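If you want the building blocks of each chain, they are given just below.
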Amino acid sequence: MNLVSHRIIPTALCLMLFTISPLFGEEKVKFKPSGFQLYYGSDPQVLDQLQKQFQPGQVVVIELRGLSKEQIQKLADQAHLVNAKLIAYLSVGELGQIEQQNFQQYLKRHASQTSLTDLTLRKNETFQSWHMDVSQPAWHDFLIQRVQQIYQQPVDGLFLDTIDSVDLYISNKAWTVPRRAQSVKAMVSLIREIKAVAPEKFIMQNRGLNLIGQSVFVGDATGVFVPGLNLQQTHPHNPDGLLWESAYTHTGDWIESKERAMMQIQKQGFTTVFTLSYTDTKADRKLFFQKSRAAGFIPAWGSSTSRLHLEPTESE
């Protein structure tokens, strides 16, 4: 027996295994957001320009309705090529005119005895949409179905809009405090349930700042506290991103306390805070970017909330 070769072969094998084993045990590098852009339109020229501007770490929000499968795939391919994330718009707290027909058909298919008026709180006259009660099973189930449908497209996550309908739940004097608390809890649960559908997807919550703390006060002069999302703590199904829309536009104790909370959220690093403001508001563009950068937030700027379907936001 050749003792030298007998000893060398295991040594070489060990070296080889030591060299390649990290490849098998190596964890996927976590995506770190560093940019933000939003465009709800379908203009081919704008879409081409948009994808040329994709950057590593960028989170790009698009509205799938109005886009062809080929357009979506092209955007997704470019995003993945540069390590950006392409996420799709979904209205959680409001029912828009485009989606209204789909929802009514959903109610008919499921033989629901619930009418649309049973599920709505009031109309959003600005966007001609209806604020919805997410505690109602029909709306909840419809949204989960929409999430599953959207995930059949090559997108990396969702942009959950109109979460601020929860503010109407909190202040709805036509409801008892326990009834208000029920809908507030339902919104927190729904956000986490959407994340749980596909935990690897990137979920960004827009607005809904009343939910971001450890607890939410529900009531008037008196009331109750219900558990919030608590974005300063880790949770497997909390959103990955939080958008502060119309940032640095308003003043007052409430928004200033939320700003401090968002700075702490950003500091903790479990949820990334993004900011967005507009030319047609009171916000000062230069100051907006300065404050956002100083706080570690990821900013974007648009001309108007009513023009997001016409032109993409800008990063500086």
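1. Focus on the overall build of the protein chain
- For the protein chain, the helix and strand inventory stands at ten helices and 13 strands.
- C-alpha extents for the protein chain along the principal axes are approximately 90 × 45 × 40 Å.
- Counting only residues that meet the buried cut, the protein chain has 47% of its 316 residues in that class.
- When the accessible surface of the protein chain is split by element, carbon and sulfur atoms take 53% of a total near 16,700 Å².
- Averaging the coordinates of the 31 positive side-chain charges in the protein chain and doing the same for the 30 negative ones gives two points 3 Å apart.

2. Some points on the side chain of Asp-161
- With respect to the element layout, Asp-161 can be found in strand 7 (residues 157-161).
- For the buried Asp-161, no salt bridge exists, and the shortest N-O distance to an oppositely charged side chain is 5.5 Å, to Arg-207.
- A polar side-chain atom of Asp-161 sits 2.7 Å from a polar atom in the side chain of Tyr-89.

3. Description of helix 6 (residues 137-150)
- Taking 1.5 Å per residue, 14 residues should reach 20 Å; helix 6 reaches 20 Å between its end C-alpha atoms and fits that length.
- All of the buried residues in helix 6 are Ala-138, Trp-139, His-140, Phe-142, Leu-143, Ile-144, Arg-146, Val-147 and Ile-150.

4. A closer look at the sheet that holds strand 1 (residues 35-39)
- In space, the eight strands of this open sheet follow the order 1-2-3-7-8-11-12-13, with parallel pairing throughout. Single-partner strands in this sheet number two, and they are strand 1 and strand 13 (298-302). Across the sheet, the mean angle from the axis of one strand to that of its neighbour is 25°, orientation sign disregarded.
- Here five bridges tie strand 11 (residues 241-245) to strand 12 (residues 272-278), and the two strands are oriented parallel to one another. When the bridges of strand 12 are listed, Trp-244 appears paired with Thr-275.

5. Let's talk about the packing of helix 2 (residues 44-52) against helix 3 (residues 69-81)
- Packing of helix 2 against helix 3 leaves a shortest axis separation of 10 Å and a crossing angle of 15°. Comparing the axis directions of helix 2 and helix 3 gives the class roughly parallel. Between helix 2 and helix 3 lies a crossing whose hand is left-handed. Contacts between helix 2 and helix 3 involve Pro-44, Leu-47, Asp-48 and Gln-51 from the former and Gln-71, Lys-74, Leu-75 and Gln-78 from the latter.

6. Considerations on the pairing of strand 10 (residues 223-227)
- As paired elements, strand 9 (residues 215-219) and strand 10 share five bridges and run antiparallel to each other. Counted as the bridge partner of Ser-215 is Pro-227 from strand 10.
- Linking two consecutive strands that pair antiparallel, namely strand 9 and strand 10, is a turn of three residues.

7. Here we look at the environment of Ile-163
- Tracing the backbone shows Ile-163 in the loop between strand 7 and helix 7 (166-171).
- Measuring from C-alpha to C-alpha, the distance between Ile-163 and Ser-304 comes to 20 Å, with 141 residues separating the pair along the chain.

8. What to know about the environment of Val-188
- Mapped onto the elements of the fold, Val-188 is located in helix 8 (residues 177-197).
- Setting aside residues up to four positions removed in sequence, Val-188 forms contacts with Leu-211, Pro-227, Gly-228 and Leu-229.

9. Here we look at the side chain of Thr-272
- In this fold, Thr-272 is placed in strand 12.
- The residues touching Thr-272, leaving out its near neighbours within four places in the chain, are Pro-33, Asp-240, Gly-241, Leu-242, Gln-266 and Ile-298.

10. Here's the deal with the pattern of salt bridges
- Under the counting rule described, the total for this entry stands at 13 salt bridges.
- Among the salt bridges present, the one from Arg-293 reaches Glu-316, with a minimum N-O distance of 3.0 Å. With Arg-293 in helix 10 (residues 285-295) and Glu-316 in the segment after strand 13, the pair connects residues that are 23 residues apart, well separated along the chain.
- Of the charged contacts in the structure, one is a salt bridge between Glu-311 and Arg-307, with a shortest N-O distance of 3.3 Å.
- Judged by relative accessible area, which is 25%, Glu-311 ranks as partly exposed.
- Counted as one network, the salt bridges with shared partners bring together Glu-63, Arg-65, Glu-99 and Arg-146.

Cut-offs applied
Residues numbered from 1 in each chain as written. Predicted model: local features only at pLDDT ≥ 70, side-chain atom pairs only at ≥ 80, totals over all residues. Heavy atoms only, no water. Helix = DSSP H or I, 4+ residues; strand = E, 2+ residues; numbered from the N terminus. Buried < 20%, exposed > 50% of the residue type's maximum accessible area, 1.4 Å probe, protein only. Areas by Shrake-Rupley, 256 points an atom, 1.4 Å probe, with all protein chains shown as cover. Lys, Arg positive; Asp, Glu negative; His and termini not counted. Charge placed at Lys NZ, Arg CZ, Asp CG, Glu CD. Salt bridge = Lys/Arg side-chain N within 4 Å of Asp/Glu carboxyl O. Polar contact = N/O pair within 3.5 Å; in protein donor to acceptor, adjacent residues only side chain to side chain. Expected span 1.5 Å × (residues − 1). Pairing = 2+ DSSP bridges. Axes fitted to C-alpha atoms, helices over the stretch in contact; angles between N-to-C directions. Parallel < 35°, antiparallel > 145°, perpendicular 65-115°, else oblique. Left-handed = near helix turned anticlockwise from the far one by under 90°. Contact = heavy atoms within 4.5 Å.

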